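# Working through the structure, step by step
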Amino acid sequence: MNSPRLSAIATAVALIWAANTPAHAVVVYSGALNLVIPNSNSGLYINVINGSTYTGPDLFPSLGGPGANYDLNIFGTSSWSFFAATTFLISDEPQQL
């Protein structure tokens with residue numbers, strides 16, 4: 001059989017199969033969360049996967065402690081700034097906060 005033709009057919013079958021695969025997504029609502037954002041250089045570190053937060057007294061959270069592997073940091077003494085990590089931990093399991 002013709003190799004370019006075979007690869008074109010295989011590619012078409014793969015694209016059709018990928019388009020017909022259903023996506024599975026779940027919205028998990030944890031209720032309203034009231035978090036205090038301190039006016040400090042440390043601010044509020046938030047880990048959105050497990051819901052842990054850190055506000056100090058040190059400038060950064062310690063590994064294994066609350067807020068470790070944070071995804072978002074809101075900080076500032078006169079105006080708030082936002083920092084988001086460039087890599088995120090992806091979990092296949094829904095997390096209850």
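From a predicted model like this one, the values you see are computed outputs, not experimental measurements.

### Section: the overall build of the protein
- The helix and strand inventory of the protein stands at one helix and four strands.
- The secondary structure elements of the protein, listed N-terminal to C-terminal, are α-β-β-β-β.
- Across the 97 residues of the protein, 18% fall into the buried class.
- Counting contacts in the protein only where the partners sit at least 6 residues apart, residues at least 24 apart contribute 40% of the total.
- Accessible surface for the protein amounts to roughly 7,600 Å². Of this, 62% is attributable to carbon and sulfur atoms.

### With respect to the sheet that holds strand β1 (residues 44-46)
- In space, the four strands of this open sheet follow the order β2-β1-β3-β4, with antiparallel pairing throughout. Looking at the sheet topology across the chains shown, the edges are occupied by β2 (53-54) and β4 (81-84).
- Pairing between strand β3 (residues 72-75) and β4: four bridges, direction antiparallel. Within β4, the position partnered with Leu72 by the bridge is Ala84.

### A word on the pairing of β3
- Bridge analysis of β1 against β3 gives three bridges, and the strand direction is antiparallel. Paired with Tyr45 across the strands is Asn73, a residue of β3.

### Structural notes on helix α1 (residues 3-20)
- In this model α1 runs 26 Å from its N-terminal to its C-terminal C-alpha over 18 residues, within 8% of the 26 Å that 1.5 Å per residue would give.
- The buried count for α1 comes to zero of 18 residues, which makes it a mostly uncovered element.

### Some details on the environment of Ile74
- Mapped onto the elements of the fold, Ile74 is located in strand β3.
- Apart from residues no more than four positions distant in its own chain, Ile74 is found in contact with Ile37, Gly43, Leu44, Trp80, Ser81 and Phe82.

### Re the packing of aromatic side chains
- Across all of its chains, the model carries two aromatic pairs by this definition.
- An aromatic cluster is present here, built from Tyr45, Tyr54 and Tyr70 joined pairwise through their rings.

### A word on the side chain of Ser42
- Structurally, the position occupied by Ser42 is in the loop between α1 and β1.
- Judged by its relative accessible area of 7%, Ser42 is buried.
- Beyond its immediate stretch of four places on either side in the chain, Ser42 contacts Thr55, Gly56, Asp58, Leu59, Asn73 and Phe75.

### With respect to the confidence of the model for the protein
- Taken as a whole, the protein shows an average pLDDT of 75; of its residues, 84% reach a score of 70 or greater.
- Model confidence for the protein, summarised as mean pLDDT per element, is weakest for α1 at 77 and strongest for β1 at 87.

Rules used in this analysis
Residues numbered from 1 in each chain as written. Predicted model: local features only at pLDDT ≥ 70, side-chain atom pairs only at ≥ 80, totals over all residues. Heavy atoms only, no water. Helix = DSSP H or I, 4+ residues; strand = E, 2+ residues; numbered from the N terminus. Buried < 20%, exposed > 50% of the residue type's maximum accessible area, 1.4 Å probe, protein only. Contact = heavy atoms within 4.5 Å. Areas by Shrake-Rupley, 256 points an atom, 1.4 Å probe, with all protein chains shown as cover. Pairing = 2+ DSSP bridges. Expected span 1.5 Å × (residues − 1). Phe/Tyr/Trp six-rings, centres within 6.5 Å; stacked < 30°, edge-to-face > 60°. pLDDT = per-residue confidence, 0-100.

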